[in-house]
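Examination of the molecular architecture
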Amino acid sequence: MKYIIVGLGNFGASLAQKLTASGNEVIGIDSRMEKVDLYKEKISHTICMNATDEFTVSGLPLRDTDVVIVAIGEDQGANIMATALFKNNQVKRLISRAINPLHERVLQAIGVDEIVHPEEETAERLAKKLCIKNVVDSFELSEEFSIIEANVPSEYVGKTIREIGFRQHFNLLVLTIIKKEEVKSVLGKSRTEERVQGVATPDLVLKEKDILVLFGDNDDLQKFLNKRF
């Protein structure tokens, strides 16, 4: 996978290093030369540039990049401008960092694919989510066990948890299901909300947009994801 990370502060630099260590190609961007020099041996590539300059951004290998992450945290204006530029360049997947609720609403209006909150989500957690295909989120309980959120494989749509046999075939436990539902605000605008369905029962039928919440050994989780997607 190829990533561009804009902003090499604590969060951005940590994420860039973890993604590089996982075997990904990462371009780390910052307007401060001292940051670029500090991480040039720890990240695949580092560039000192202004990510709010349209001409400069257009010169990046955007078509070959799988994910762009705007991790700028100190300057909300620069974060919004950089995010808008990458959105206008139609990158494959755009993730941006939100500083506060108002900032988040602006990013939502721009139309980013995902918004992260470093105060709530560690770089390690986001790196794992990005590196494992079809994982929506993850929480590492120990070096051996994790809880992950994963999209339901198309071949399992319409089947019950009992029929699939998560415990028997994969040694995994389905804790619950998260369903995405369209709701309308007081202003009449539609938005998607995720709602936890409670403890999963064996007869629960999985639907296309459901998210599985799975518990198990990290190796078993990886085997399931590699085999099923």
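Our subject is the structure that appears above.
Overview of the structure. Bear in mind that the values here come from a model prediction, so they are computed numbers and not experimental data.

1. Comments concerning the sheet that holds strand β5 (residues 94-97)
Judged by pairing direction, the sheet is parallel, and its 6 strands sit side by side in the order β3-β2-β1-β4-β5-β6 without closing on themselves. With one partner strand each, in any of the chains shown, β3 (45-48) and β6 (114-116) form the two edges of the open sheet. Across the sheet, the mean angle from the axis of one strand to that of its neighbour is 20 degrees, orientation sign disregarded. Bridge count between strand β1 (residues 2-6) and strand β2 (residues 25-30): 5 bridges; the pairing is parallel. Opposite Val 6, over in β2, you have Ile 29 as the bridge partner. Packing of helix α1 (residues 10-21) onto the sheet brings it into contact with β1, β2, β4 (67-70), β5 and β6, and relative to β1 it is tilted by some 165 degrees. Helix α4 (residues 76-88) rests against β1, β4 and β5 of the sheet, and its axis sits at about 175 degrees to β5.

2. Notes on the layout of surface pockets
Taken as a whole, the second largest pocket holds about 360 Å³ of empty space. Forming the boundary of the second largest pocket are 21 residues, of which Gly 7, Asp 30, Ser 31, Arg 32 and Ile 72 lie nearest the centre. In terms of residue class, the lining of the second largest pocket is made up of 8 nonpolar, 7 polar and 6 charged.

3. Looking at unusual backbone geometry
Phi is positive for Gln 90, close to 55 degrees, though the residue is something other than glycine. Looking at the element boundaries, Gln 90 is found in the loop between α4 and β5. On the accessibility criterion, Gln 90 (70% relative accessible area) is exposed. Of note in the backbone geometry, Asn 171 takes a positive phi value of approximately 60 degrees without being a glycine. The residue Asn 171 is located in the loop between α8 (166-170) and β9 (173-184) in this model. Taking the relative accessible area as the measure of exposure, Asn 171 reaches 48% and is therefore partly exposed.

4. Considering α4
The end-to-end C-alpha distance of α4, which contains 13 residues, comes to 18 Å, matching closely the 18 Å that a straight helix rising 1.5 Å per residue would cover. In this structure, the buried residues of α4 make contact with β1, α3 (54-58), β4, β5 and α5 (101-110). Residue Asp 75 occupies the N-cap position of α4, its side-chain oxygen lying 3.1 Å from the main-chain nitrogen of Gly 77. Directly beyond the C-terminal end of α4, a positive phi value near 55 degrees is found at Gln 90.

5. Thoughts on the packing of aromatic side chains
Applying the stated rule across the entire model yields 4 aromatic pairs. Judged by centre distance (5.9 Å) and plane angle (55 degrees), the ring pair of Phe 166 and Phe 224 falls under tilted. Pair noted here: Phe 166 is in helix α8 and Phe 224 is in helix α9 (residues 218-228), with a separation of 58 residues, a long-range link. By relative accessible area, Phe 166 is classed as buried at 2%. Ring centres 4.9 Å apart and planes at 75 degrees place the aromatic pair Phe 170 and Phe 224 in the edge-to-face group. Residue Phe 170 is found in helix α8, and its partner Phe 224 is found in helix α9; the two are separated by 54 residues along the sequence. A relative accessible area of 1% places Phe 224 in the buried class.

6. What about α5?
Helical periodicity: at 3.6 residues per turn, an α-helix aligns residues three or four positions apart in one direction. Where α5 begins, one side-chain oxygen reaches toward the backbone nitrogen of His 103, 2.8 Å away; that side chain belongs to Asn 100. Where α5 ends, the next residue or the one after it, Gly 111, has phi of about 95 degrees, a positive value.

7. Let's talk about the side chain of Arg 97
Residue position: Arg 97 is located in strand β5. Look at Arg 97 and you get buried, because its relative accessible area is 16%. Of note is the side chain of Arg 97, whose polar atom sits 3.2 Å from the backbone oxygen of Ala 71.

8. What about the nonpolar core?
As a rule of thumb, nonpolar side chains are buried together in soluble globular proteins. Ile 4, Val 6, Ile 29, Leu 60, Leu 62, Phe 86 and Leu 94 are the most contacted members of the largest nonpolar core, which totals 22 residues. The set of elements that each furnish at least two residues to this core consists of β1, β2, β4 and α4. Of the residues forming this core, the biggest block, 4 residues, is contributed by α4. Membership of the second largest hydrophobic core comes to 18 residues, among which are Ile 148, Ile 161, Leu 172 and Leu 221.

Scoring rules and cut-offs
Note on numbering: residues in each chain are counted from 1, in written sequence order. The predicted origin of the model limits local features to residues at a pLDDT of at least 70 and limits the giving and counting of side-chain atom pairs to 80 or more, whereas totals for whole chains, interfaces and linings rest on all residues. Side-chain figures throughout are based on the complete set of non-hydrogen atoms in the structure, without hydrogens or water. DSSP bridges decide pairing: two strands pair if at least two such bridges lie between them. Working definition: helices are DSSP H or I runs of at least four residues, strands are E runs of at least two. Numbering for both runs from the N terminus. Structural elements are reduced to axes, namely lines fitted to C-alpha atoms, with helices fitted over the stretch in contact, and the angle between N-to-C directions of any two is expressed from 0 to 180 degrees. Two residues form a contact once any of their heavy atoms are found within 4.5 Å. Of the grid points, spaced at 1 Å and generated over the protein atoms alone, those admitting a 1.4 Å probe that cannot get out make up cavities, while open sets with protein on both sides within 12 Å along at least five of seven lines make up pockets; any residue with an atom within 4 Å of a point is treated as lining. Grid points are joined across faces, edges and corners, and a volume is the space filled by probe spheres set on the points. Ten residues, namely Ala, Val, Leu, Ile, Met, Phe, Trp, Tyr, Cys and Pro, are considered nonpolar, four, namely Asp, Glu, Lys and Arg, are considered charged, and the remaining ones, Gly among them, are considered polar. In this scheme, a residue with accessible area under 20% of its type's maximum is buried, one over 50% is exposed, and one in between is partly exposed, where area comes from a 1.4 Å probe on protein chains only. Take the residue count of a helix, subtract one, and multiply by 1.5 Å to get its expected span. Under the rule applied, a polar contact is a pair of N or O atoms within 3.5 Å (in protein, one hydrogen donor and one hydrogen acceptor; residues adjacent in sequence only if both atoms are side-chain atoms). Here a Phe, Tyr or Trp ring, Trp counted by its six-membered ring, pairs with any other such ring whose centre lies within 6.5 Å, and the pair is stacked when the planes are under 30 degrees apart, edge-to-face when over 60, and tilted otherwise. By nonpolar core we mean a set of buried residues, namely Ala, Val, Leu, Ile, Met, Phe, Trp, Tyr and Cys, connected to one another through side-chain atoms within 4.5 Å.

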